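# Observations on the three-dimensional arrangement
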Amino acid sequence: MEQNQLDRETFSCLICLDLLKDPVTTSCGHSYCMNCIKTHWDEEDRKRIHSCPQCRETFIPRPVLKKNTMLAALVEQLKKTGLQAAPADHRYAGHEDVACDFCTGRKLKAIKSCLFCLASFCEKHLQPHYDSAAFKKHKLVEPSKNLQENICSKHDEVMKMFCRTDQKCICLICLMEEHKGHDTVSAAVERTERQRELEERRGNIQQRIQDREKDVKLLQQEVEAINRSADKTVEDSEKIFTELIRLLQKRSSDVKQQIRSQQKTEVSRVKDVQEKLEQEIPELKRKDAELEQLSHTEDHNQFLLNYPSLPALSESTHSSSINIRPLRHFEDVTAAVSELREKLQDVLRDSWTNISLMVTEVDVLLSEPEPKSRAGFLKYSCEIILDPNTVHTELGLSEGNRKVKLMSQRQSYSSHPDRFTNWWQVLSRESLTGRCYWEVERCGTCVYISVAYKTISRAGCGNECGFGCNDKSWALECSQNSFSFGHNNIWTPISGPVSSRVGVYLDHRAGILSFYSITETMTLLHRVQTTFTEPLLAGVWVGTGSSAEFWKPR
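It should be emphasised that the depicted structure is a prediction, and the values quoted were computed from it without experimental measurement.

## Quick notes on the overall build of the protein
Along its length, the protein carries nine helices and 23 strands. Here the protein has a C-alpha radius of gyration of 51 Å; the compact-globule value for 554 residues is 24 Å, and the former is much larger. With the C-alpha coordinates aligned to their principal axes, the bounding extent of the protein is approximately 175 × 80 × 45 Å. Looking at the protein as a whole, 30% of its 554 residues qualify as buried. When the accessible area of the protein is evaluated, it comes to approximately 36400 Å², of which 53% is carbon and sulfur surface. Counting 75 positive and 78 negative side-chain charges, the protein places the averaged centre of each group 7 Å from the other.

Below you can see the structure in the form of structure tokens.
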């Protein structure tokens, strides 16, 4: 057993403590895995001196390593006999550990490093630092591989001073030479001050950690509150819609029952009259036969004798009451139900817009700040499609209803209540909520770039219809050489670089509407801070010889 242990130690790498892999042997006679010793020497390259990790013998230049084929064959042969890697001894220094600088042979792990000695010590070799008065002023720290960084590379002296002018550690010779006249203090004094700053920073960080933990807890509570509110609202809305569905089903059943009841009543009345008339027909036929027989009597006296005995024809009790009007029967009911459907659709559409707005207005956190760059704005870009049902008949749409131009002739649009009748205007198809950004490329003498509530008036030539002329719209007037902004018919001149492209940013929840002139950069022309009470639509007014095209985001 002891022999096997000896074999394991003999054929183990002194760096990784595993069995040798591609073994190489240095000129001092110690063997290592090729990768292990290469890695060790790679770390020593900056010193330009390479040493043996075991005996500390140095080599200049760096030796060229070659695989020890005999040792490699021996290791492979021993592996076949069951030899395994030596078990790791946690007292010995591995490749990643700081080794004791005073151990010979296989080195133990260092438990302390001395800033005065610039060396690391295992427990045994550290003992003099505790026992001897000569070491009392030495500074012991946790084991460090970077002790050489405390040595001045120029003068090979311990760096005990700190130059505040150049913000670097220096030695006493540096103090008397290139750092002479600089603001210098001892490294200990600077450390004390930096330590105080460090503690303040730690205090600030710890306070921030507490604040963040508090915020996280608050946000978690808010998440739970949002979930509870959403779940309850979904449950309540489902109940309400279920009640609406049941009410519609009840009304449908009532209408069906009334129709069937009236159907039965009318059919019964008609059949009753029909049966009585059918009973009258045989009697009338009999009397008609008697009259026909009498009409064929050749004897005049006999004809005159029998004629008075014929009973008079009684007037029908039903014929005068039968008056079949040109009825549509129950078609009027269908028309009434259809009218109800259209009214419900209108109510549901308008109510849905308000419901959707209420849902999107749920915003427990403060809105994000307005972007600072065009790339930031483009994150919120939306495609604006113009609504043909709103466009004035003298405006022409093209480019997939993204471009509008004033035409010389009226266009053949169908009649629609949403159409502007007197103003050369058009609105977008979709409502805008949340954060949106779009750009308009304009051409010609004058274009108004606007947003407006859906409830803006459409018919007539008054200010209640014009963009920027009422309290339901906001408009940027873009002429060839200037800008002005209008709302509620109050117009304000705006200075800024005149450009053919204008960017519009809307944060509906925050009540922010901003217009930007876009050249090589973005320049803010005007910002509105208000409260939007309805969803908004994008719109434009175009003047003579002018056009506007909504840029399609890519």
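## Some thoughts on the pattern of salt bridges
For side chains bearing opposite charge, pairing can occur when the charged atoms are close. A complete count under the given rule lists 26 salt bridges for this structure. When the shortest N-O distance is used, the salt bridge between Arg164 and Glu190 registers 2.6 Å. Here Glu190 lies in helix 6 (residues 187-295) and Arg164 lies in the loop between strand 8 (161-163) and strand 9 (168-170), a separation of 26 residues in the sequence. The partly exposed category is assigned to Arg164, whose relative accessible area is 25%. Ionic pairing is found between Glu549 and Arg402, a salt bridge with its closest N-O pair at 3.6 Å. On the criterion of sequence distance, the pair formed by Glu549 in strand 23 (residues 547-550) and Arg402 in the loop between strand 11 (395-398) and strand 12 (403-406) is long-range, its members being 147 residues apart. The exposure class of Glu549 is partly exposed, given its relative accessible area of 24%. According to the relative accessible area criterion, Arg402 is buried, its value standing at 12%. By sharing partners, the salt bridges in this structure join Arg164, Glu190, Glu193 and Arg194 into a single network.

## Structural notes on the pairing of strand 23
Pairing of strand 12 with strand 23 involves three bridges; the strand directions are antiparallel. Bridge assignment links Lys405 to a residue of strand 23, and that residue is Ser547.

## Here's the deal with the UniProt feature "domain: B box-type" (unreviewed entry) in the protein
UniProt tags residues 147-187 as "domain: B box-type" (unreviewed entry). The distance separating the terminal C-alpha atoms of residues 147-187 is 15 Å; by composition the span is 15% helix and 22% strand.

## Comments concerning the sheet that holds strand 10 (residues 184-186)
With antiparallel pairing, the three strands of this open sheet are ordered in space as 9-8-10. The open sheet has two edge strands with one neighbour each: strand 9 and strand 10. Adjacent strand axes in the sheet meet at a mean angle of 35°, parallel and antiparallel pairs treated alike. Where strand 8 and strand 10 come together, three bridges link them in antiparallel fashion. Along strand 10, the bridge assignment pairs Phe162 with Val185. Docked against the sheet, helix 6 engages strand 8 and strand 10, running at close to 90° with respect to strand 10.

## Side note on helix 6
Between its first and last C-alpha atoms helix 6 spans 153 Å; for 109 residues at 1.5 Å apiece the expected length is 162 Å, and the two agree. Residues of helix 6 that are buried: Glu190, Lys287 and Leu294. Elements that come into contact with the buried residues of helix 6 comprise strand 8, strand 10 and helix 7 (300-306).

## Examining a nonpolar patch on the surface
Judged by side-chain polarity, Ile240, Phe241, Leu244 and Leu247 come together as a nonpolar surface patch covering roughly 360 Å² of accessible area. Mapping Leu244 onto the fold places it in helix 6. Leu244 sits in the partly exposed class, given a relative accessible area of 40%.

## Some remarks on the domain arrangement of the protein
Domain boundaries assigned for the protein yield domain 1 (8-82), domain 2 (201-263) and domain 3 (374-551). In this structure, domain 2 and domain 3 have C-alpha centres spaced 35 Å apart.

Criteria and cut-off values
Residues numbered from 1 in each chain as written. Predicted model: local features only at pLDDT ≥ 70, side-chain atom pairs only at ≥ 80, totals over all residues. Heavy atoms only, no water. Helix = DSSP H or I, 4+ residues; strand = E, 2+ residues; numbered from the N terminus. Rg over C-alpha atoms; globule rule 2.2 N^0.38 Å. Buried < 20%, exposed > 50% of the residue type's maximum accessible area, 1.4 Å probe, protein only. Areas by Shrake-Rupley, 256 points an atom, 1.4 Å probe, with all protein chains shown as cover. Lys, Arg positive; Asp, Glu negative; His and termini not counted. Charge placed at Lys NZ, Arg CZ, Asp CG, Glu CD. Salt bridge = Lys/Arg side-chain N within 4 Å of Asp/Glu carboxyl O. Pairing = 2+ DSSP bridges. UniProt positions renumbered as here; feature names shortened; annotations may be inferred. Axes fitted to C-alpha atoms, helices over the stretch in contact; angles between N-to-C directions. Contact = heavy atoms within 4.5 Å. Expected span 1.5 Å × (residues − 1). Patch = residues over 30% accessible without salt bridge, like charges linked within 9 Å, V, L, I, M, F, W, Y side chains within 5 Å. Domains from an automatic or database assignment.

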